[in-house]
Amino acid sequence: MSTYSADAVICGAGIIGLTIARELLEAGYRDIIVFDKEDRPGRHASGRNSGVLHAGIYYDPGSMKARLCLEGSRRLQSYCEERKLPLFKSGKVIVAREESELATLDELKRRAEANGAEVEMLDEAALAKLEPNARTAGRALYSPLTAVVDPGAILAALREELERSARVRFFFDTRFLSPRNGAVHTSQGDISYGLFINAAGAYSDRVAHTFGIAGNYRLLPFKGIYRTLKKPAADKINGSIYPVPNIKNPFLGVHFTRNVHGDVYVGPTAIPAFGRENYGVVRGIDGEFAAILLRDLHMFLKNEKFRAVALEEPRKYFFRHFFRDAAKLVRHIAPADFLPSPKVGIRPQLVNMQTAELVMDFMVQRHGDSLHILNAISPAFTSAMRFAELVVQEHVTS
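Here is what the cut-offs are and how they apply
Residue numbers run consecutively from 1 along every chain, following the written order of its sequence. Local features in this predicted model are restricted to residues of pLDDT 70 or higher, and side-chain atom pairs are both shown and tallied only at a pLDDT of 80 or more, whereas totals for entire chains, interfaces and linings draw on every residue. The basis for the side-chain values is all heavy atoms of the structure; hydrogens and waters are excluded. Only protein chains enter the accessibility calculation, which uses a 1.4 Å probe; a residue is then buried when its area is under 20% of its type maximum, exposed when over 50%, and partly exposed in between. The secondary structure listing takes helices from DSSP runs of H or I that are at least 4 residues long and strands from runs of E that are at least 2 residues long, numbered from the N terminus. For two strands to pair, DSSP has to find at least two bridges joining them. Pairing of aromatic side chains requires ring centres within 6.5 Å, counting the rings of Phe and Tyr and the six-membered ring of Trp. Pairs whose planes differ by under 30 degrees are stacked, by over 60 edge-to-face, and all others tilted. Between N-to-C directions, angles span 0 to 180 degrees; the directions come from axes that are lines fitted to C-alpha atoms, helices contributing only their stretch in contact. Here a crossing is taken to be left-handed if its near helix is turned anticlockwise relative to the far helix by less than a right angle, and right-handed if that turn runs clockwise. Contacts were defined at the residue level, with two residues in contact if any of their heavy atoms lie within 4.5 Å. Under the scheme applied here, ten amino acids are nonpolar (Ala, Val, Leu, Ile, Met, Phe, Trp, Tyr, Cys and Pro), four are charged (Asp, Glu, Lys and Arg), and all others, including Gly, are polar. What makes a salt bridge here is a side-chain nitrogen of Lys or Arg within 4 Å of a carboxyl oxygen of Asp or Glu, nothing more.

Draft legend 1. Geometry of the pairing of strand β7 (residues 139-143). Across the five residues of β7, four count as buried, placing the element largely inside the fold. Examined bridge by bridge, strand β5 (residues 92-95) and β7 share four bridges and lie antiparallel to one another. Residue pairing across strands places valine 93 opposite tyrosine 142, the latter belonging to β7. The sheet contact formed by strand β6 (residues 120-123) and β7 spans four bridges and is antiparallel. From the neighbouring strand, glutamate 120 faces β7, where its bridge partner is tyrosine 142.

Draft legend 2. How the structure looks around the packing of aromatic side chains. Following the criterion strictly, the structure yields 16 aromatic pairs and no others. When the ring of phenylalanine 176 is compared with that of phenylalanine 211, the centres are 6.4 Å apart and the planes differ by 25 degrees; the resulting orientation is stacked. Of the two residues, phenylalanine 176 is situated in strand β10 (residues 176-179) and phenylalanine 211 in the loop between α7 (204-210) and β13 (217-229); the sequence distance between them amounts to 35 residues. For phenylalanine 176, a relative accessible area of 17% puts it in the buried group.

Draft legend 3. A look at the pairing of strand β18 (residues 338-352). In terms of burial, β18 is largely enclosed, as 12 of its 15 residues are buried. Bridge count between β18 and strand β19 (residues 357-358): two bridges; the pairing is antiparallel. Counted as the bridge partner of valine 351 is leucine 358 from β19. Hairpin connection of β18 to β19: four residues between the antiparallel strands, including alanine 356 at a positive phi of 60 degrees.

Draft legend 4. Spatial organisation of the packing of helix α1 (residues 15-26) against helix α6 (residues 151-164). The interhelical angle for the contact between α1 and α6, taken along N-to-C directions, is 30 degrees, at an axis separation of 10 Å. For the pair α1 and α6, the sense of crossing is left-handed. Contacts from Ile15, Leu18, Thr19, Ala21, Arg22 and Leu25 of α1 reach α6 at Ile154, Leu155, Leu158, Arg159, Glu161 and Leu162. Grouping the constituent residues of the contact of α1 with α6 by class yields eight nonpolar, one polar and three charged.

Draft legend 5. Up close: the pattern of salt bridges. Tallying each qualifying case throughout the model produces 34 salt bridges. Arginine 111 serves as the salt-bridge partner of glutamate 107, at 3.0 Å between the closest nitrogen and oxygen. Of this pair, glutamate 107 and arginine 111 are both found in helix α4 (residues 102-114), four residues apart, which corresponds to roughly one turn of the helix. Its relative accessible area of 22% is what places glutamate 107 among the partly exposed residues. Glutamate 124 is the salt-bridge partner of arginine 331, the closest N and O atoms lying 3.9 Å from each other. With arginine 331 in the loop between α10 (319-327) and β18 and glutamate 124 in helix α5 (residues 124-130), the pair connects residues that are 207 residues apart, well separated along the chain. Residue arginine 331 is classed as partly exposed on the basis of its relative accessible area, which comes to 40%. The partly exposed category is assigned to glutamate 124, whose relative accessible area is 36%.

What follows is the structure, given as structure tokens:
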């Protein structure tokens, strides 16, 4: 088999892999290979997300998510404006489904302000001016800086930019197999490197394990299914309407989002999945099914927060439960307003199996001449440009 070499080799052509490649070019790297098992960038989480650029509301002050989200959003919005990519400065409201959620709404405001985010607490009359169809229990939190993009358009632009540099090569349909003394063994041959970066998304834990690190950590897949609204119901949604989330978990709940093309999506769920690419009911279930099931069982028994998700979310496969969640956010909606959607995403959530805790922040681990990006979940797309800069500054060039 062929042997290749590069100064830096990146496994994974999602938003994190592409933006890190971009930062390595800025840092002076002359020869970079990005390889991916798929036929083009962003076939999984990066290309299947809602396109919402978050605005720093949910995250614990001081966390990487909190530090990187706002600046990441600003940079991505500027990137879209400079290249005339679709961008909808939609804003977002977070509504309380019942009065018991108002304390959490206040906590979100506190976190947002601590993180430097721009937010405003609205009464019901002010909410009605922004989102006439939104329903809340007295108050709602407004985020004017939340925006929506087309993830596919951004990924395509980044690929084109990297290829135009003539210093980045893409190897698609290329699977990571194992490390080999300063090289990685792939389905297309060995690739030697000065620096290897694991940005393999849902498979990043498996890649890290072959290097002998992150042994206590596993990625558990959660399935996000969506539906769309048909007109005239879709016309009653101006931007994004989100529920107050359970801030002990990293999931934001079923919500309404108008995208850059004018379509309104409702979702996603957070259903424990049985494969890292389990996009259908059974499609994507593979030989890892039993191991994932055992991990889920371990978390179900040991972690109350996971147990609550595992008991509640699978019901949303059934439309009546999905509709029930969505209907709590708006004044007027009917089951007939919903259409099925082929849009499905998998969110790979990192779990510390030793402590049975969900990892709530991004994780980066350096190991010799390899660097591993773990738990690159929401708001990873939003944060990507600032995150990539930080990774290169703190773990590559420092």
